[in-house]
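Remarks on the overall topology
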Amino acid sequence: MSFQRLKTKGLVFYVLSIFIFINQPATASVHGVMLTEVDESIVSISGTEEMEAISLLTEFSDNQLTFEQQQVSMTRGWLELSKQQNSCMFNKIKTPERLKVASFSHYPISIYPPLRLIVLAKNQQIFANQLDLAKLPENTQGQIGVVKDRSYGDFIDQKINRNPHEFYVRGGMSSSNRLVDMLKAERVLGIIEYSEVIDAYLRDNDKTLDYVSIPIRHVDQAIYGYIACSKGDKGDEIMSEIDRVMSQQSFQEAFIRMHDDFFGEAEKTILIPELEKLFNLR
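To start, this report covers the structure provided alongside it. (Residues numbered from 1 in each chain as written. Predicted model: local features only at pLDDT ≥ 70, side-chain atom pairs only at ≥ 80, totals over all residues. Heavy atoms only, no water.)

1. Looking at the pairing of strand 11 (residues 223-230)
The two faces of the sheet receive side chains in turn, since in a regular strand these alternate between them. Put simply, the rule reads: The rule is simple: take the accessible area with a 1.4 Å probe, protein chains only, and divide by the maximum for that residue type; under 20% is buried, over 50% is exposed, in between is partly exposed. In this description a helix means any DSSP run of H or I spanning at least four residues, a strand means any run of E spanning at least two, and both kinds are numbered starting from the N terminus. For two strands to be treated as a pair, DSSP must find no fewer than two bridges joining them.
The buried fraction of strand 11 amounts to 8 of the 8 residues, a majority that puts the element mostly inside the structure. Relative to strand 11, strand 3 (residues 87-92) runs antiparallel, the two being bridged by 3 bridges. Counterpart to Met 89 in the pairing with strand 11 is Ala 228. As defined by bridge partners, strand 5 (residues 110-112) adjoins strand 11 across 3 bridges and the pair is classed as antiparallel. Across the sheet, the residue bridging to Tyr 112 is Ile 223, located in strand 11.

So this is what it looks like as structure tokens:
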């Protein structure tokens, strides 16, 4: 129907209003709060990856999904998740306990190589070529640093929960970085971490550390981290949009390229095929 055939000004206004609305640029319709330990000004492998992944989610949602960032400790984040109904957390491992309090994304938002025991090179002789958490060396009790309320995967989590006295548990903001500093100062003998995270922290803070990365027995698989959001209508709305965006092949290809940029050749030979298999892109 042409505008000339419309009989009333009211109907003309109505049609024009619909036309203008349909042709307006998309605006953000789903907004969430990302609870994170990482400050936007800090550049590290974990921090940069997180910012890049959030940026990809926004880009491939055509700006329908946006996040603001709120910096909290890891422990505080799980408490806030139940209070702020539109809040989410990044890079969380799925556990039965966490599934009771949060909804998790269908696809992982990050992938890392197996965790390692990081020790100073001069102390390497204290440990075997492979660390057996069931048989820690003598005089290492309370000397293996881990982050409070962080999940290291089922196997390591069980060891920590059963024998917490054998570990040094660090809580508060930037716990992972503080443990690297404690290792450098020889206040702990080792820390459980990713080698790439250590390298990034040292590089970004212009520090050096002569260390070795020791494999951990029974810990030889890539580790997936997911987005966890508040349970309830608001959290479900955010998660629905996250899953929609991540199901797009264009997002998945960009996501793989992002990980390809972050890791070295040794890690990429493990991680990139894992992601391609996950997204059925092989």
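2. Brief notes about the packing of aromatic side chains
The condition that has to hold: Under the pairing criterion, centres of Phe, Tyr and Trp rings, with the six-membered ring standing for Trp, must be within 6.5 Å; the plane angle then separates stacked pairs below 30 degrees from edge-to-face pairs above 60, leaving the rest tilted.
Enumeration over the complete set of coordinates arrives at 5 aromatic pairs. Through successive ring pairs, a cluster of aromatic residues spans Phe 60, Tyr 107, Phe 251, Phe 255 and Phe 279.

3. Examining the pattern of salt bridges
Side chains that differ in charge, positive against negative, can pair when their charged atoms come close. Formally: Whenever a carboxyl oxygen of Asp or Glu lies within 4 Å of a side-chain nitrogen of Lys or Arg, that contact is scored as a salt bridge.
Scanning the entire structure with this criterion turns up 8 salt bridges. The salt bridge partner of Arg 76 is Glu 80, with a shortest N-O separation of 2.8 Å. In this pair, Arg 76 and Glu 80 both sit in helix 3 (residues 74-83), 4 residues apart, roughly one turn of the helix. In this structure Glu 80 comes out as buried when scored by relative accessible area, which is 10%. Put simply, Glu 186 and Lys 122 hold a salt bridge, and the shortest N to O gap is 2.8 Å.

4. Focus on helix 8 (residues 233-246)
So the rule is basically this: Each residue after the first adds 1.5 Å to the expected span of a helix. By arc we mean the arc of the directions from the helix axis to the C-beta atoms, nothing more.
With 14 residues, helix 8 ought to run about 20 Å at 1.5 Å a step, and its terminal C-alpha atoms sit 20 Å apart, in line with that. Where helix 8 is concerned, the buried positions are Gly 235, Ile 238, Met 239, Glu 241, Ile 242, Val 245 and Met 246. Projected down its long axis, helix 8 carries its buried residues within an arc of 160°, all on one side.

5. Looking at the environment of Ile 256
Put simply, the test is: Two residues form a contact once any of their heavy atoms are found within 4.5 Å.
Structurally, Ile 256 is set in helix 9 (residues 249-262). For Ile 256, a relative accessible area of 10% gives the class buried. In sequence terms Ile 256 and Ile 272 are 16 residues apart; their C-alpha atoms lie 6.8 Å from each other. Once you skip the residues sitting within four places of it in the chain, Ile 256 turns out to touch Ile 272, Leu 275, Glu 276, Phe 279 and Leu 281.

6. Some details on unusual backbone geometry
Peptide bonds are trans in most cases, and residues, glycine excluded, mostly fall at negative phi. Residue Asp 149 is not a glycine yet carries a positive backbone phi of 65°. Positioned with a positive phi, Asp 206 is a non-glycine residue whose angle comes to about 55°. Counting through the fold element by element, Asp 206 comes out in the loop between helix 7 (195-204) and strand 10 (211-215).

7. Points about the layout of surface pockets
Rules: Computed over the protein atoms alone on a 1 Å grid, cavities are sets of points where a 1.4 Å probe fits but cannot get out and pockets are open sets with protein on both sides within 12 Å along at least five of seven lines; a residue lines them when it has an atom within 4 Å of a point. Grid points are joined across faces, edges and corners, and a volume is the space filled by probe spheres set on the points. We call Asp, Glu, Lys and Arg charged. Ala, Val, Leu, Ile, Met, Phe, Trp, Tyr, Cys and Pro are nonpolar, and the rest, Gly among them, are polar.
Taken as a whole, the largest pocket spans an internal volume of roughly 490 Å³. Arg 98, Arg 150, Ser 151, Asp 157 and Asn 161 are, among the 19 residues lining the largest pocket, the residues nearest its centre. Broken down by element, the lining of the largest pocket gets its largest block of residues, 5 residues, from helix 5 (residues 154-162). For the lining of the largest pocket, a count of residues per class yields 8 nonpolar, 4 polar and 7 charged. Approximately 270 Å³ is the volume attributed to the second largest pocket. In this structure, the second largest pocket is lined by 15 residues; those nearest its centre are Ile 93, Tyr 152, Gly 153, Asp 154 and Ile 223. Among the residues making up the lining of the second largest pocket, the classes are represented as 9 nonpolar, 3 polar and 3 charged.

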